[in-house]
Amino acid sequence: MKLNNLLLIIPAILTSFTIYGQQGILDRFGPFEISLPENFIRSDIYSGQESDFEDENILISYFPVPSLVDIDGDGDLDVFVGSRFNSFIYLFENVGTASSPIFERVSNEQNPAYDLCSDYPFCGNISFVDFDSDGDFDIIGNSERVEGGQTIYYLVLYENTGGSQQANFILREGDDNPYFDFDIGFRHSPTLIDLDFDNDLDLVVGGGNNGLNYYRNEGSNLEPQFQPIFGSQNPFLIVSSSDADGSIVKFADIDGDGDLDAMFTPSVGSNLYNFGTYVFLENIGSSSNPSYDIVEESDSRFFCADLFSASIDVADLDADGDFDIIAANSDGFFQYYKNTGDEQNPEFERQLNENNPLYGGPSGNYESGPNLSDWDNDGDLDLMVGKGNVHCGIPFAFYRNVSNNGDAVFREEDISDIFITDEYLTGEYFDTGDIDNDGDLDIISAGTWIWGIGLIENTGNASSPQFSFDTEYNEDLFREVNDVVSVFSLSLGDLDGDNDLDIVINDLDPTLRFIENTGTPNIPEFNVVPLQDDPFDGLVFDSGNDFQLTPHLVDLDEDGDLDILCGGFSSSLNSEAFYIAENIGSPTSPEFVLRTGMDNPFSELLVNYVSTRPVLGDLDNDNDLDLIVGSSNGSLFLYENQLNDPTSVSTPEVSDKVLSIYPTIVNNMITISYWGDFLQQVDVTLVGLSGIQKDLGKYDINQNSNLRISLSNIPSGYYFLKVTSPNYSDVLPFIKK
């Protein structure tokens, strides 16, 4: 899978998963044939291992730290990416132009900085500076050493001895490193900058008990004498100790007034973190005597970069004479904020898709929860990704499927204008369905700041959604639910066959609970089913005390009732990533049996994250379900179902099938073709992905005949036709446009 022209292309290649060589109980689910876990964002970096970059994506590193610098002296900006938590440094060369950058990864062998920090913990948190004033960029990192039983946290220096066009970095230690004996503090983030315009490099350190620590250089670059400036003389006095613990600070004259302003990423949980994931500090003093104040959220220069534990860099990325901003999320993805104002009046606007030269594909920001639904009523599945730890903006990223040939092509769009709410929402655990039976998709979220579970109602229509959160209505609708249980995650579906949407939740332990819709399809009313009547009572998914579940209701075995595919959250990576609860009851009276180990066709899918959130949908229009998995650091993974891939060696035999349908993408009429000789009459039922069913009637059928059924009153979406007789049944998937 490749990113073609910076679009996510998902090629054709899940309802029958067969792990090679295994038989028996798997047949009831399949056979699902699962391809190897191919991360369509990037390869696994959770353990700090190097990515293989098979997909040529721009991203690579866990908690990345970007640095924009012209390392090869060709007049445009290249990108180095270090990390707070691993020691590899990656280089992306600009092979475009200064005004229209195009980045390509430089191989490890050709990258002069790749393994510089391999022997130094946390050294990957790097910055570039010409410490020796020889016209090229040197590298500063931070690390630690033990002397006499005491740990010293110091600046690692790599001198560039190759020059401005062919960098060659040499480690300088001891007396050759003028910063060797200066202790900056545990895992602090240093920046060398001439803050007072006196032609030597001062030191600003994020972390410790003083917020941003300022050390004025009273010596020279080669023989620095750092004088701590504390108390009322500290120009960063407005930044408290809790706001900047470990923060990375970047400096630039952002407003064009001749002095250095600053940007930094605030500590998670601090008051400033609620602004977003960066803080803009304006220099309200002078170039030689700086003093900083916080630019408030209401300021036009403020922009919402709602990322988790982000890192930023400031540079003129498009060579138009003003400063732009690159922001990197904890999951290794970059956002680009172009300055659409000017040098004196900056305004930052996020660039999407191919307009972001560092674009790496769909992702969340942290604890990403994917959902596949047809949001624009055009007959294909769009991708919405819920985001955790949202402190500005909306809790969802939206990727419209613009495919016209069957293979999903996702393009990110800004949908902030369709959410009308003042409530603090989080979206990592959500599901969609037509809660009020008005023909469009609503959102049920397991995380509102006040209410726990809540309804984000679609007040628009099926093709042009508009969302609002009514606090009073939600308080009434979910009063009992939020009083009785603590909702961690959820999934929607008609679990009891009464044609309204119920909710399955996880309430912070390794079990599920049934929240029944006791109202009507138009007027929902939700109540917690007592444990003695709950079909999940006694169904324990994991013995760990800290294990939590992320359920997804879906008819895995195509028998007309809803099963459950569960991801999970655990502090241990030893738990299974996915569980199956098979419904061995009926569509109206569910009864669940846990399938684990060899009886679970998903058990060998390893994501290597402590949290997985699965969702199934046909992404390649081949009439089987593919799997997207969200993870704890924001990454998304794709598992492709090869059931209906014509090149698959294990495509199931279909010689016993006697029914087919056409077209598979329907406008108004659908045709069922029968080529057997033993059926006379069949019952046809329409089944939605949420489990809601509609009886379409009883039909006479003859050998080699066609049965035409009108679907003109059926809303768009993904459906199954369930065709049954006393001696035969089949489930036929299709899309209603």
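All values derive from a computational prediction rather than experimental measurement. (Residues numbered from 1 in each chain as written. Predicted model: local features only at pLDDT ≥ 70, side-chain atom pairs only at ≥ 80, totals over all residues. Heavy atoms only, no water.)

## So, the overall build of the protein
Moving on, step 1. From N to C terminus, the protein includes two helices and 50 strands.
Moving on, step 2. Expressed as a percentage of its 737 residues, the buried residues of the protein come to 60%.
Moving on, step 3. Counting every atom, the protein has about 28,200 Å² of accessible surface; 45% of that belongs to carbon and sulfur. (Helix = DSSP H or I, 4+ residues; strand = E, 2+ residues; numbered from the N terminus. Buried < 20%, exposed > 50% of the residue type's maximum accessible area, 1.4 Å probe, protein only. Areas by Shrake-Rupley, 256 points an atom, 1.4 Å probe, with all protein chains shown as cover.)

## Quick word on the nonpolar core
Moving on, step 1. Counting 23 residues, the largest nonpolar core has L659, I670, I672, I709, L711, L721 and F734 as the members making the most contacts within it.
Moving on, step 2. Secondary-structure elements contributing two or more residues to this core are β43 (659-662), β45 (669-674), β46 (681-688), β48 (705-710), β49 (717-725) and β50 (728-736).
Moving on, step 3. Apart from residues no more than four positions distant in its own chain, F734 is found in contact with I661, T664, V666, I670, L686, L711, G717, Y718, Y719, F720 and L721.
Moving on, step 4. Residues I71, I152, Y154 and A167 belong to the second largest nonpolar core, which totals 21 residues. (Core = buried A, V, L, I, M, F, W, Y, C linked by side-chain atoms within 4.5 Å. Contact = heavy atoms within 4.5 Å.)

## Examining the environment of L317
Moving on, step 1. With respect to the secondary-structure elements, L317 resides in the loop between β19 (311-315) and β20 (324-328).
Moving on, step 2. Look at L317 and you get buried, because its relative accessible area is 3%.
Moving on, step 3. In this structure the C-alpha to C-alpha distance between L317 and Y336, which are 19 residues apart in sequence, comes to 9.2 Å.

## Examining the confidence of the model for the protein
Moving on, step 1. With 75% of its residues at a pLDDT of at least 70, the protein reaches an overall mean of 77.
Moving on, step 2. Predicted confidence for residues 1-59 stays below pLDDT 50, and this span has 211 contacts to residues more than four positions away or in other chains.
Moving on, step 3. Segment residues 646-655: pLDDT under 50, and eight contacts once partners within four positions in sequence are set aside and those in other chains are kept. (pLDDT = per-residue confidence, 0-100.)

## Describing empty space enclosed by the protein
Moving on, step 1. For the largest cavity, the calculated volume is near 180 Å³.
Moving on, step 2. Lining the largest cavity are 16 residues; nearest its centre among them are P370, F430, L490, P551 and P614.
Moving on, step 3. Counting residues per element, the ones that place at least two in the lining of the largest cavity are β23 (369-373), β28 (425-433), β32 (489-493), β36 (548-554) and β40 (612-617).
Moving on, step 4. No other element matches β28, which puts four residues into the lining of the largest cavity.
Moving on, step 5. Grouping the amino acids of the lining of the largest cavity by side-chain chemistry returns seven nonpolar, six polar and three charged. (1 Å grid on protein atoms, 1.4 Å probe; cavity = no way out; pocket = protein on both sides within 12 Å on 5 of 7 lines; lining within 4 Å. Points joined across faces, edges and corners; volume = space filled by probe spheres on them. Nonpolar A, V, L, I, M, F, W, Y, C, P; charged D, E, K, R; others polar.)

## With respect to the packing of aromatic side chains
Moving on, step 1. Following the criterion strictly, the structure yields 18 aromatic pairs and no others.
Moving on, step 2. Considering the side-chain rings of F131 and Y179, the 6.5 Å spacing of their centres and the 65 degrees angle between planes classify their relative orientation as edge-to-face. On the criterion of sequence distance, the pair formed by F131 in the loop between β7 (127-129) and β8 (138-147) and Y179 in the loop between β10 (169-172) and β11 (189-193) is long-range, its members being 48 residues apart. Residues F131 and Y179 agree in their burial class; the two are buried.
Moving on, step 3. Here the aromatic rings of F419 and F467 are separated by 5.0 Å at their centres, their planes lie at 25 degrees, and the arrangement is stacked. Remark: F467 occurs in strand β31 (residues 467-468) and F419 occurs in strand β27 (residues 419-420); sequence separation between them is 48 residues. As far as the burial class goes, F419 and F467 line up, both buried. (Phe/Tyr/Trp six-rings, centres within 6.5 Å; stacked < 30°, edge-to-face > 60°.)

## A word on the pattern of salt bridges
Between side chains of opposite charge, a pair can form as their charged atoms come close.
Moving on, step 1. Counting across every chain of the model gives 15 salt bridges.
Moving on, step 2. R479 serves as the salt-bridge partner of D476, at 3.2 Å between the closest nitrogen and oxygen.
Moving on, step 3. We note a salt bridge from K698 to D683, for which the minimum N-O separation is 2.8 Å. Of this pair, K698 sits in strand β47 (residues 693-700) while D683 sits in strand β46, placing them 15 residues apart in sequence.
Moving on, step 4. For K698, a relative accessible area of 52% translates into the label exposed.
Moving on, step 5. A residue is classified by how much of its surface remains accessible, and D683, at 28% relative accessible area, is partly exposed.
Moving on, step 6. A cluster of three or more residues bridged by salt bridges with shared partners is formed by R145, E147 and D181. (Salt bridge = Lys/Arg side-chain N within 4 Å of Asp/Glu carboxyl O.)

## A few points about the side chain of R513
Moving on, step 1. By secondary structure assignment, the location of R513 is in strand β34 (residues 512-517).
Moving on, step 2. The class for R513 is buried, based on a relative accessible area of 11%.
Moving on, step 3. In this view, R513 contacts V485, I503, V504, I505, D507, V528, V529, P530, L531, D534 and F536; residues no more than four positions away in its chain are not counted.

## Considerations on the pairing of β19
Moving on, step 1. In terms of residue burial, β19 counts as a mostly covered element, since five of its five residues are buried.
Moving on, step 2. In the sheet, β19 pairs with β20 via five bridges, with the strands oriented antiparallel. Pairing of A315 across the sheet is with D324, part of β20. (Pairing = 2+ DSSP bridges.)

## Focus: unusual backbone geometry
Moving on, step 1. Phi is positive for N353, which is not a glycine, with a value near 55 degrees.
Moving on, step 2. On the secondary structure map, N353 appears in the loop between β22 (348-351) and β23.
Moving on, step 3. Judged by its relative accessible area of 4%, N353 is buried.
Moving on, step 4. Of note, the phi angle at N377 is positive, near 60 degrees, even though the residue is not glycine.
Moving on, step 5. By secondary structure assignment, the location of N377 is in the loop between β23 and β24 (382-386).

## What to know about the sheet that holds strand β6 (residues 103-105)
Moving on, step 1. Reading across from one edge, β3-β4-β5-β6 is the order of the four strands in this open sheet, with antiparallel pairing throughout. Strands with a single pairing partner mark the edges of an open sheet, and in this sheet they are β3 (64-69) and β6. Across this sheet, the average inter-strand angle for adjacent strands is 25 degrees, counted without regard to direction.
Moving on, step 2. Of the strand pairs in this sheet, strand β4 (residues 78-83) and strand β5 (residues 90-94) are connected by three bridges, and their pairing is antiparallel. Looking across to β5, one finds that V81 is bridged to Y90. (Axes fitted to C-alpha atoms, helices over the stretch in contact; angles between N-to-C directions.)

## Notes on the sheet that holds β45
Strands belonging to one sheet form pairs held by backbone hydrogen bonds; the direction of such a pair is parallel or antiparallel.
Moving on, step 1. Taken in spatial order, the three strands make up an open sheet running β43-β45-β48, and their pairing is antiparallel. Looking at the sheet topology across the chains shown, the edges are occupied by β43 and β48. Neighbouring strand axes in the sheet, compared pairwise and without regard to direction, differ in orientation by 25 degrees on average.
Moving on, step 2. Of the pairings in the sheet, the one linking β43 to β45 comprises four bridges and is antiparallel in character. Paired with L659 across the two strands is Y674, which belongs to β45.

## What to know about the side chain of D440
Moving on, step 1. As for its position among the elements, D440 is in the loop between β28 and β29 (442-448).
Moving on, step 2. Despite being buried, D440 has no salt bridge partner; R400 is the closest side chain of opposite charge, sitting 14 Å away. (Lys, Arg positive; Asp, Glu negative; His and termini not counted.)

## Observations concerning the environment of T191
Moving on, step 1. Within the secondary structure, T191 sits in strand β11.
Moving on, step 2. Here T191 falls in the buried class, since its relative accessible area comes to 11%.
Moving on, step 3. Put simply, T191 and G206 are 15 residues apart on the chain and 8.5 Å apart in space, counted from C-alpha to C-alpha.
Moving on, step 4. The contact partners of T191, leaving out residues within four places of it in the chain, are D202, L203, V204, V249 and F251.
Moving on, step 5. Separated by 2.9 Å, the side chain of T191 and the backbone oxygen of V249 make a polar contact. (Polar contact = N/O pair within 3.5 Å; in protein donor to acceptor, adjacent residues only side chain to side chain.)

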